[in-house]
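What follows is each chain in one-letter form.
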Amino acid sequence: MTALLGTALVGYVLFSLALGVWVSRRVESAEDYLVAGRRLPLALSTATLLATWFGAGPMLTAADAVYRGGLARAALEPLGSGFCLILAGFVIARPLWSMRLLTVSDFFGRRFGRRAELLSAVLTLPTFFGWIAVQFVALAEILALFFGIPTGLGIALVAGVGVGYTLLGGMWSVALTDALQLVILLIGLVVLGVSALLHLGSGDALAAVDRLASELPAGFLEPIPSDTLERFAAWLGVFVIAALGNLSGQDLLQRIFAARSAEVAQRACWLAGGAYLVFGSIPVILGLCARVVWPEGQMSSVVPALGGALLSPAVTVTFVLALASAVLSTIDSAILAPASVLAQNLLRGPLEGRMTALARNRLAVVIVTAISLAVAYAGKDAYSLLEGAYAIGLVALFVPLLGGLYRRPRGEAPAIAAMIAGTALWGVHVALGAESLLGDGHGGPKVPIEIAAVIVGALAFVVAEARSRAPAGPRAGDGPPSAP
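Quick caveat, the model's predicted, so the values are computed rather than measured.

For the chain, the count of helices and strands is 23 helices and zero strands. A globule of 484 residues ought to have a C-alpha radius of gyration of about 23 Å, and the chain, at 24 Å, matches this closely. If one aligns the C-alpha atoms of the chain with their principal axes, the spans along those axes are about 95 × 60 × 40 Å. Evaluated residue by residue, the chain yields a buried proportion of 54% over its 484 residues. Here the chain holds 30 positive side-chain charges and 28 negative ones, and the gap between their average locations is 12 Å.

Mapped onto the secondary structure, Val23 falls in helix H1 (residues 2–23). Looking at Val23, the relative accessible area reads 0%, which means it is buried. In this structure the C-alpha to C-alpha distance between Val23 and Phe147, which are 124 residues apart in sequence, comes to 31 Å. Residues in contact with Val23, not counting those within four places in the same chain, are Gly169, Trp172, Ser173 and Leu176.

Bringing the layout of surface pockets into the picture now. Counted as a void, the second largest pocket has a volume near 240 Å³. Lining of the second largest pocket is provided by 13 residues; of these, Leu9, Val13, Leu143, Leu157 and Val161 occupy positions nearest its centre. Listing elements by their share of the lining of the second largest pocket, those giving two or more residues are H1, helix H9 (126–147), helix H10 (151–200) and helix H17 (313–346). Counting residues per element, the lining of the second largest pocket draws most heavily on H1, which supplies four residues.

Moving on to the nonpolar core. Counting 151 residues, the largest nonpolar core has Met59, Leu96 and Ile256 as the members making the most contacts within it. Membership of the second largest hydrophobic core comes to five residues, among which are Ala75, Trp235, Phe239 and Ala243.

A cluster of nonpolar side chains, Ile224, Leu229, Phe232 and Leu236, forms an exposed patch at the surface whose accessible area comes to about 360 Å². Secondary-structure assignment places Phe232 in helix H12 (residues 229–245). Note on Phe232: relative accessible area 32%, which makes it partly exposed.

If you check H9, its first and last C-alpha atoms are 32 Å apart, about what 22 residues at 1.5 Å a residue would give, namely 32 Å. Directly after H9, the chain includes Gly148, whose backbone phi takes a positive value near 70°.

Looking now at helix H3 (residues 42–53). For H3, which comprises 12 residues, the first-to-last C-alpha distance of 17 Å matches the rise-based estimate of 16 Å (1.5 Å per residue) to within 8%. Here H3 lies mainly inside the structure; 10 of its 12 residues are buried. Residues of H3 that are buried include every one of Leu44, Ser45, Thr46, Ala47, Thr48, Leu49, Leu50, Ala51, Thr52 and Trp53, and no others.

Following the criterion strictly, the structure yields seven salt bridges and no others. The partner of Asp32 in a salt bridge is Arg39, and the shortest N-O contact between them spans 3.6 Å. Close ionic contact of Glu117 with Arg348 constitutes a salt bridge, the shortest N to O distance being 3.4 Å. Within this pair, whereas Glu117 is found in helix H8 (residues 114–124), its partner Arg348 is found in helix H18 (residues 348–351), the two being separated by 231 residues in sequence. Looking at Arg348, the relative accessible area reads 25%, which means it is partly exposed. Through salt bridges with shared partners, one network takes in Arg114, Glu117 and Arg348.

So, about the environment of Arg211. Following the sequence through the fold, Arg211 ends up in helix H11 (residues 205–215). Taking relative accessible area as the criterion, Arg211 reaches 30% and is therefore assigned partly exposed. In sequence terms Arg211 and Val292 are 81 residues apart; their C-alpha atoms lie 7.9 Å from each other.

For the chain, the mean per-residue pLDDT works out to 85, and 92% of the residues sit at or above 70. Segment residues 475–484 is flagged for pLDDT under 50; beyond a separation of four residues in sequence, or across chains, it makes zero contacts in the model.

Each value, and the rule that gives it
- Residues numbered from 1 in each chain as written.
- Predicted model: local features only at pLDDT ≥ 70, side-chain atom pairs only at ≥ 80, totals over all residues.
- Heavy atoms only, no water.
- Helix = DSSP H or I, 4+ residues; strand = E, 2+ residues; numbered from the N terminus.
- Rg over C-alpha atoms; globule rule 2.2 N^0.38 Å.
- Buried < 20%, exposed > 50% of the residue type's maximum accessible area, 1.4 Å probe, protein only.
- Lys, Arg positive; Asp, Glu negative; His and termini not counted.
- Charge placed at Lys NZ, Arg CZ, Asp CG, Glu CD.
- Contact = heavy atoms within 4.5 Å.
- 1 Å grid on protein atoms, 1.4 Å probe; cavity = no way out; pocket = protein on both sides within 12 Å on 5 of 7 lines; lining within 4 Å.
- Points joined across faces, edges and corners; volume = space filled by probe spheres on them.
- Core = buried A, V, L, I, M, F, W, Y, C linked by side-chain atoms within 4.5 Å.
- Patch = residues over 30% accessible without salt bridge, like charges linked within 9 Å, V, L, I, M, F, W, Y side chains within 5 Å.
- Areas by Shrake-Rupley, 256 points an atom, 1.4 Å probe, with all protein chains shown as cover.
- Salt bridge = Lys/Arg side-chain N within 4 Å of Asp/Glu carboxyl O.
- Expected span 1.5 Å × (residues − 1).
- pLDDT = per-residue confidence, 0-100.

Dropping the structure here:
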């Protein structure tokens, strides 16, 4: 099986790279490279959105979380993330597409000014490095498990493949490979889901459902905790953070910008969100099935364990390719997103006139990959710390994004105030290890710090906006206003 799996994996990688070479012929400008010339049809827009979202998180960690804590643990994946995509279709897709942007920081530059653009870019970049490093390590560990490749070498190989086709074709390459990876991923996931139900029910899926209902611990099938207000508030906090957290993410917005029209962008968000909720339910079911098969709750990684236990060697090849596809579809998107911001909003000034915009963007892809590779080699403490920076998109950028779209404030002050206030409150609590406002021992309601930071950022935005709109009063030494 190892030889067959190795052949399939090498063939898959070579095909992806060849696709990148072919697509690179269509790339003539930075707009082609970053947003596919704004020509993605509905099918490709939907596929790349879904593939970007449906990575290692819902594929692996969602099943593990449900295995340990039941359906209530699905608040993050797939419920919150799926609703984030649907909400994007309702709230931001059409107005942002009509602005003809390349990056999220372009929005802040156009609505608020250059300093807001630079601050948003600086805040955006750290949100990706840890996440990319995690993907490098995850796929390298799969290579180590099945082929005995040392993890250090595997990380370098994974980074080389990910940067290869991203570097060649940009968004065109990412979108097409995402579509290919999505097909493989969904096939593998459906096969494993059906296999798990048939195994649990001894060939009868309905019998499997009966076993889940009768053998799971009490409360395990409760999707929303209702026993205590504290547990419900914690569930709601996780759901809201997931549903709002990535609305300002460059990976999401870049796909909105790349759509053929505003209508395509909106419909792609809705379709991808609905598909995410449907297919994201399969890892949830796998987590429940695993809890019946291994009731002690001590499994560390449910999906690979079920795959190894239930699938034939031939089907295992498809499943491992599905795992690789899930990670690679996340890697290419995660590399291109911060590279776009780095090239367009931070390097544009220093390098303008020295190299073309297209060359500058390709240089940024290499820089982002190199930094993420260093983080991966630095160890789990480093990339786990940076992985937590994903919350910056919510605490710093969510409020000024919506404020800039729907309120049209004057000047830079509202955006900068919201970014600094939200980030500062969140950063202090993270440094102290506190997950709720004022810590866990103050005796008051436990408000998740991310939600508290959004509220504080919104207050800062409103106050700064009011001050910027207020007429200036008379200065000391001025006489009374002249009569009309």
